[in-house]
Amino acid sequence: MENTKKEKAIAQALASLRIDRIYVKPEFVNSYRQKHNLTTSSGMKLVLKRGGNNGRKK
């Protein structure tokens, strides 16, 4: 239970930093997780892509 709270906090902190255009290397996050005995995130992730056409076909 505690680890899931920490994972959510990490995800929220990374999102907040991304809003401010501060980017953190994945290696840094993985090393933090290893130091604090948290699971490393792997697998598929949801990625939102912003395009110029906004989904409209030309």
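The structure we're discussing is the one just above.
Residues numbered from 1 in each chain as written. Predicted model: local features only at pLDDT ≥ 70, side-chain atom pairs only at ≥ 80, totals over all residues. Heavy atoms only, no water.

Student: Explain the layout of surface pockets to me, using residue names and the numbers behind them.
Tutor: Of the volumes computed, that of the second largest pocket is approximately 210 Å³. Forming the walls of the second largest pocket are Ala 15, Arg 18, Ile 19, Tyr 23, Leu 48 and Arg 50. (1 Å grid on protein atoms, 1.4 Å probe; cavity = no way out; pocket = protein on both sides within 12 Å on 5 of 7 lines; lining within 4 Å. Points joined across faces, edges and corners; volume = space filled by probe spheres on them.)

Student: Explain the pattern of salt bridges to me, and be specific about the residues and the numbers.
Tutor: Considering all chains together, one arrives at two salt bridges under this definition. Here Lys 6 ties to Glu 2 by a salt bridge, and the two come within 3.4 Å at their closest N and O atoms. Taken together, the residues span about one helical turn, with Lys 6 and Glu 2 both in helix H1 (residues 2-19) at a distance of four residues. Looking at Lys 6, the relative accessible area reads 35%, which means it is partly exposed. (Salt bridge = Lys/Arg side-chain N within 4 Å of Asp/Glu carboxyl O. Helix = DSSP H or I, 4+ residues; strand = E, 2+ residues; numbered from the N terminus. Buried < 20%, exposed > 50% of the residue type's maximum accessible area, 1.4 Å probe, protein only.)

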